[in-house]
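Chain and residue survey
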Amino acid sequence: MNELLGDAAARSSRYLAAINGRRVSPHPDDVARLENLGGALADSPSDPADVLALLDTIGSPATVATTGGRYFGFVIGGAVTAALAANWLAGVWDQNAALRVMSPTAAKTEEIVTAWIVDLLGLPAGSCAGFVTGTTMANFSSLAAARTALLKRAGWNVEEDGLFGAPPITVVVGEEVHVSVLKPLSLLGLGRSRVISVAADGQGRMRANALPRLDDRTIVCIQAGNVNSGAFDPAKQICERAREASAWVHVDGAFGMWAAVSPRYAHLVDGFSLADSWAIDCHKWLNVPYDSGIAFVREPEHLRTAMALSAAYLQLGEERDPCQYTPEASRRARGIELWAALRSLGRRGLRDVIERNCRLAQMFAERFRDEGFEVLNDVVLNQVLVSFGSSEDTKRVIAGVQEEGTCWCGGTEWHGRAAMRISVSSWATTEEDVQYSAAAILRIATSVKRSPA
């Protein structure tokens, strides 16, 4: 075992050492070689050292270099060193985080991390947390708590009686609502198409003056950080309206809520603490390994009621048992690497990551503007939308950048136009990475401009 783990560590170190010298997207030939991992499953066991060597030899070249400094797709961060190392250690521990009796370490680190992040993000004291896979499940858990609370007010126990015959719930979303909110609504039986969609402004912010009539069986879903533009809904106005009507406000704050950590950007989250629940991603700006998200709920009883489970064989204690706050029972101990990331970064380190990423996003935008290309959004955070002319030309530039491999940027559609979407989210990204990547993008854009399709 020691020899094998040492080999794994050596291979991992070589991978990380080479990450900035390789293509960000894998070469098609390397992707094709993944077939060599398949075939018929052998009858006899294989040497674990040979298995690891095969996985490294075939698998590593076919990975996307998201842990390096030049990956700008999908708001994906890297993995800070302490979190990665803690992830390895947690893997060796192999803890089941369902119950405190199964893993006191897993349970305690979750409690500590909850208190730290509630403080960092300015959430209400006493808010509870469920540690889940990412924003989709954080939204699911939070909206389940909302469903429980609103139906309980109406005298309905949804956990026992389901939704058949239940009083209706109204869900209000912005025109720019993210799919990670819509999917949970469908899973919870609240429906994707039954929502009331509120018009958004030119930056994707919900128009507070366009809100419909709210009541005590209404859930309003707002955004802290539009996935395309980075813009923030006017939370204070919306939350004040909702409070007057006793409606529930849920925040999809996957990456945007982390702006609260920086005095420079904290104004963007003004009013979001007035909400009732919040969903955040930790494999974005906290830069921990996949997968990691947290659902926060102001009143713990609502999340606990929505997620509770019991059985004669379960040893539920007086203290917090993690499985009472998440959809899953058995799950990995995500709180361990979160604890390590926060402990290693501290307030200043996390603030520096956020502020540096935002500054580098501005650097991208300025470089494109200087070269005569159009930046389509107000770059308020870490998101940049750029057009390289016609939608067809922009799509050709995006395809060329992904194929060339210097960096990786995705595409989107913004107000009927194709756009390159750049998300600067990694602790590893430097000014040199931005300059090198921008030069490659502009070189490809110039080539496309000179060679019309």
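Above this note sits the structure.
Each value, and the rule that gives it
- Residues numbered from 1 in each chain as written.
- Predicted model: local features only at pLDDT ≥ 70, side-chain atom pairs only at ≥ 80, totals over all residues.
- Heavy atoms only, no water.
- Helix = DSSP H or I, 4+ residues; strand = E, 2+ residues; numbered from the N terminus.
- Buried < 20%, exposed > 50% of the residue type's maximum accessible area, 1.4 Å probe, protein only.
- Contact = heavy atoms within 4.5 Å.
- Areas by Shrake-Rupley, 256 points an atom, 1.4 Å probe, with all protein chains shown as cover.
- Pairing = 2+ DSSP bridges.
- 1 Å grid on protein atoms, 1.4 Å probe; cavity = no way out; pocket = protein on both sides within 12 Å on 5 of 7 lines; lining within 4 Å.
- Points joined across faces, edges and corners; volume = space filled by probe spheres on them.
- Nonpolar A, V, L, I, M, F, W, Y, C, P; charged D, E, K, R; others polar.
- Core = buried A, V, L, I, M, F, W, Y, C linked by side-chain atoms within 4.5 Å.
- Axes fitted to C-alpha atoms, helices over the stretch in contact; angles between N-to-C directions.
- Parallel < 35°, antiparallel > 145°, perpendicular 65-115°, else oblique.
- Left-handed = near helix turned anticlockwise from the far one by under 90°.
- Phe/Tyr/Trp six-rings, centres within 6.5 Å; stacked < 30°, edge-to-face > 60°.
- Salt bridge = Lys/Arg side-chain N within 4 Å of Asp/Glu carboxyl O.
- Patch = residues over 30% accessible without salt bridge, like charges linked within 9 Å, V, L, I, M, F, W, Y side chains within 5 Å.

A word on the overall build of the protein chain. A count of helices and strands for the protein chain gives 13 helices and 11 strands. With the C-alpha coordinates of the protein chain rotated into their principal frame, the extents come out at 65 × 60 × 45 Å. The buried share of the protein chain, reckoned over its 453 residues, is 52%. Relative to all contacts within the protein chain whose residues are 6 or more apart in sequence, the contacts with residues 24 or more apart total 75%. For the protein chain, the computed accessible surface area is about 20100 Å², with 51% contributed by carbon and sulfur atoms.

We now examine unusual backbone geometry. At the junction of Tyr-290 and Asp-291, the peptide bond is cis and its omega measures out at -5° in the coordinates. In this structure, Asp-291 sits in the loop between β6 (277-281) and β7 (293-297). Positive phi, close to 55°, is recorded for Phe-74, a residue that is not glycine. Mapped onto the fold, Phe-74 is located in the loop between α3 (48-59) and α4 (81-93).

Attention now moves to the sheet that holds strand β10 (residues 410-414). With antiparallel pairing, the 4 strands of this open sheet are ordered in space as β8-β9-β11-β10. In this open sheet, the two strands that pair with only one neighbour each are β8 (374-375) and β10. Of the pairings in the sheet, the one linking β8 to strand β9 (residues 383-387) comprises 2 bridges and is antiparallel in character. Directly across from Glu-374, in β9, lies its bridge partner Ser-387.

The next point concerns empty space enclosed by the protein. For the structure shown, the criterion picks out 1 cavity of 30 Å³ or more. What the largest cavity holds in volume is close to 50 Å³. Lining of the largest cavity is provided by Gly-174, Val-177, Val-181, Met-206, Cys-221, Ile-222, Gln-223, Asp-233 and Asp-252. For the lining of the largest cavity, the per-class residue count stands at 5 nonpolar, 2 polar and 2 charged.

Judged by nonpolar contacts, the single largest core of 56 residues is most densely connected at Met-257, Trp-258 and Ile-294. Counting only elements with at least two residues in this core, the list comes to α5 (104-121), β1 (128-132), β4 (218-223), α9 (235-245), β5 (248-252), β6, β7 and α11 (335-370). Per-element accounting of this core gives the leading share, 6 residues, to α11. Listed in part, the 32 residues of the second largest apolar core include Cys-128, Phe-140, Trp-248 and Met-307.

In spatial order, the strands read β1-β7-β6-β5-β4-β2-β3; together these 7 strands make up an open sheet with mixed pairing. Because the sheet does not close on itself, it has two edges, and the strands there are β1 and β3 (196-198). Neighbour to neighbour, the strand axes of the sheet diverge by 20° on average, direction disregarded. Together, β1, β5 and β7 form the strand contacts of helix α10 (residues 300-307), whose direction differs from that of β1 by roughly 40°.

Look at helix α6 (residues 135-153) against helix α8 (residues 179-187): their axes get within 8 Å of each other, and the N-to-C directions meet at 50°. Between α6 and α8, the angle is such that the two are oblique. Between α6 and α8 lies a crossing of right-handed hand. Residues Thr-135, Thr-136, Asn-139, Phe-140 and Leu-143 of α6 lie in contact with α8, whose contacting residues are Ser-180, Val-181, Lys-183, Pro-184, Leu-185 and Leu-187. In the contact of α6 with α8, the residues fall into 6 nonpolar, 4 polar and 1 charged.

What follows deals with the packing of aromatic side chains. Summed over the entire model, instances satisfying the criterion amount to 8 aromatic pairs. Between Tyr-71 and Trp-408, the aromatic rings sit 5.5 Å apart at their centres with planes inclined by 15°, giving stacked as the arrangement. Taken together, the residues span a long stretch of sequence, with Tyr-71 in the loop between α3 and α4 and Trp-408 in the loop between α12 (391-404) and β10 at a distance of 337 residues. Overall, the relative accessible area of 14% leaves Trp-408 in the buried class. Among the aromatic residues, those joined into a ring-pair cluster are Phe-72, Phe-364, Phe-368, Phe-373 and Phe-388.

This part covers the pattern of salt bridges. Summed over the entire model, instances satisfying the criterion amount to 20 salt bridges. Between Arg-320 and Glu-110 there is a salt bridge whose closest N-O contact spans 2.9 Å. Of the two residues, Arg-320 sits in the loop between α10 and α11 while Glu-110 sits in helix α5, which places them 210 residues apart along the sequence. Comparing Arg-320 with Glu-110 shows no difference in burial state: the two are buried. A salt bridge links Glu-337 to Arg-332; the shortest N-O distance between them is 2.9 Å. Through salt bridges with shared partners, one network takes in Asp-291, Arg-332, Arg-334 and Glu-337.

Taken together, the side chains of Met-1, Leu-5, Leu-89, Val-92 and Trp-93 make up a nonpolar region of the molecular surface, amounting to roughly 530 Å² of accessible area. Looking at the secondary structure, you find Val-92 in helix α4.

Let us now look at the pairing of β10. Working note: regular strand, side chains alternate between the two faces of the sheet. Sheet topology places β10 next to strand β11 (residues 417-423); 5 bridges connect them, and they run antiparallel. The partner of Thr-412 across the bridge, within β11, is Ala-419. Taking the residues that link successive antiparallel strands as the turn, the β10-β11 hairpin has 2 residues, and the phi of His-415 there is positive, at about 55°.

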